[in-house]
Amino acid sequence: MKIIPISYHQNGLRYTIRCAEEKDADQLSQIRLKIDGETSFFDRNPGEGMLTPNDFKQLIHTDLQGFNRLFLLAETETGQIIAFSRCEGSSLKRLMHKVEFGIGVLKDYWGYKVGPKLLQASLTWATENKLAKMTLSVIETNEKAIKLYKRFGFEVEGILKKDKLLEDGEYYSTIIMSRFLSE
């Protein structure tokens, strides 16, 4: 699916949120790897679960075809991708009503409201496409993200205890959150 690009100006930064295109695959592959190294909030360690540019091209192609899939990115005026988000739905009839949301923002661009703008664009798209539910998972230590999701109407649906083992040797829980869109 596609959205109309939206431009923002926040704290001196101009960026546009738009749908990912196959030409973005090289940059997305590099940025995903960089983001994985900037935070422990994701499931992957740097270098794990690598997606090549060809993998991204296929993913973008698949997402553009599905009514319950959306791949967005945030791009500066100079063409640098600084963040991305995805809504991934299932092709199974019993699960087509919902999507799972995920997001990654380069650390240098935290504080520019890029994450909230990607989330809002995704929620608007999901509502306009009559999807019933958006879900996400977040590690318990990502308090800023949890607060953001709650501000956008997401509620905790469950907790997966000791779900992730991080580099510090400690186990952390994953919080499952969702927002119902058609209520």
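Let me sum up the structure you'll find in this document. (Residues numbered from 1 in each chain as written. Predicted model: local features only at pLDDT ≥ 70, side-chain atom pairs only at ≥ 80, totals over all residues. Heavy atoms only, no water.)

## Points about the side chain of serine 90
Phase 1: Residue position: serine 90 is located in the loop between strand 4 (81-89) and strand 5 (98-105).
Phase 2: In terms of polar contacts, serine 90 uses its side chain to reach the backbone amide nitrogen of leucine 92, at 2.9 Å.
Phase 3: Sequence-distant contacts of serine 90, that is, excluding residues within four places in its chain, are made with Asn68, Leu95, Met96 and Lys98. (Helix = DSSP H or I, 4+ residues; strand = E, 2+ residues; numbered from the N terminus. Polar contact = N/O pair within 3.5 Å; in protein donor to acceptor, adjacent residues only side chain to side chain. Contact = heavy atoms within 4.5 Å.)

## Re unusual backbone geometry
Phase 1: In this structure, asparagine 11 is a non-glycine residue whose phi angle is positive, near 50°.
Phase 2: By the element assignment, asparagine 11 lies in the loop between strand 1 (6-10) and strand 2 (13-19).
Phase 3: The phi angle at lysine 162 is positive, at roughly 50°, despite the residue not being glycine.
Phase 4: Locating lysine 162 in the fold gives a position in strand 7 (residues 155-165).

## Focus: a positive patch on the surface
Phase 1: A cluster of like positive charges, contributed by Lys113, Lys144, Lys147 and Arg151, occupies part of the molecular surface.
Phase 2: Relative to the assigned elements, lysine 113 resides in the loop between strand 5 and helix 3 (114-128).
Phase 3: For lysine 113, a relative accessible area of 44% corresponds to the partly exposed category. (Patch = residues over 30% accessible without salt bridge, like charges linked within 9 Å, V, L, I, M, F, W, Y side chains within 5 Å. Areas by Shrake-Rupley, 256 points an atom, 1.4 Å probe, with all protein chains shown as cover. Salt bridge = Lys/Arg side-chain N within 4 Å of Asp/Glu carboxyl O. Lys, Arg positive; Asp, Glu negative; His and termini not counted. Charge placed at Lys NZ, Arg CZ, Asp CG, Glu CD. Buried < 20%, exposed > 50% of the residue type's maximum accessible area, 1.4 Å probe, protein only.)

## Regarding the pattern of salt bridges
Phase 1: Following the criterion strictly, the structure yields 13 salt bridges and no others.
Phase 2: Salt-bridge contacts for aspartate 63 lead to arginine 86; the nearest nitrogen and oxygen are separated by 2.7 Å. Pair noted here: aspartate 63 is in helix 2 (residues 53-65) and arginine 86 is in strand 4, with a separation of 23 residues, a long-range link.
Phase 3: A relative accessible area of 1% places aspartate 63 in the buried class.
Phase 4: Across the salt bridge formed by aspartate 163 and lysine 164, the nearest N and O atoms sit 3.5 Å from each other.
Phase 5: Among the residues examined, lysine 164 registers a relative accessible area of 12% and is labelled buried.

## Observations regarding the nonpolar core
Phase 1: Leu28, Leu119, Met134, Tyr149 and Phe154 are the most contacted members of the largest nonpolar core, which totals 47 residues.
Phase 2: The element that contributes the greatest number of residues to this core is helix 3, accounting for seven residues.
Phase 3: When neighbours within four sequence positions are excluded, phenylalanine 154 is seen to be in contact with Leu119, Leu123, Met134, Leu136, Tyr149, Met177, Ser178 and Arg179. (Core = buried A, V, L, I, M, F, W, Y, C linked by side-chain atoms within 4.5 Å.)

## Details of the packing of aromatic side chains
Phase 1: In this structure the tally under the stated criterion is five aromatic pairs.
Phase 2: Where phenylalanine 56 meets phenylalanine 71, the ring centres are 6.2 Å apart and the plane angle is 55°; that geometry is what we call tilted. A residue pair is termed long-range when its members are at least 10 positions apart, and phenylalanine 56 in helix 2 and phenylalanine 71 in strand 3 (residues 69-76) qualify at 15 residues.
Phase 3: By relative accessible area, phenylalanine 56 is classed as buried at 2%. (Phe/Tyr/Trp six-rings, centres within 6.5 Å; stacked < 30°, edge-to-face > 60°.)

## With respect to the packing of helix 1 (residues 25-38) against helix 2
Phase 1: Viewed as axis vectors pointing N to C, helix 1 and helix 2 meet at an angle of 110°, and their least axial separation amounts to 8 Å. As summarised for this structure, helix 1 and helix 2 are arranged roughly perpendicular, according to the angle between their axes. Between helix 1 and helix 2 lies a crossing of right-handed hand. Residues Ala25, Asp26, Leu28, Ser29 and Arg32 of helix 1 form the contact with helix 2, whose own contacting residues are Pro53, Phe56, Lys57 and Ile60.
Phase 2: Grouping the amino acids of the contact of helix 1 with helix 2 by side-chain chemistry returns five nonpolar, one polar and three charged. (Axes fitted to C-alpha atoms, helices over the stretch in contact; angles between N-to-C directions. Parallel < 35°, antiparallel > 145°, perpendicular 65-115°, else oblique. Left-handed = near helix turned anticlockwise from the far one by under 90°. Nonpolar A, V, L, I, M, F, W, Y, C, P; charged D, E, K, R; others polar.)

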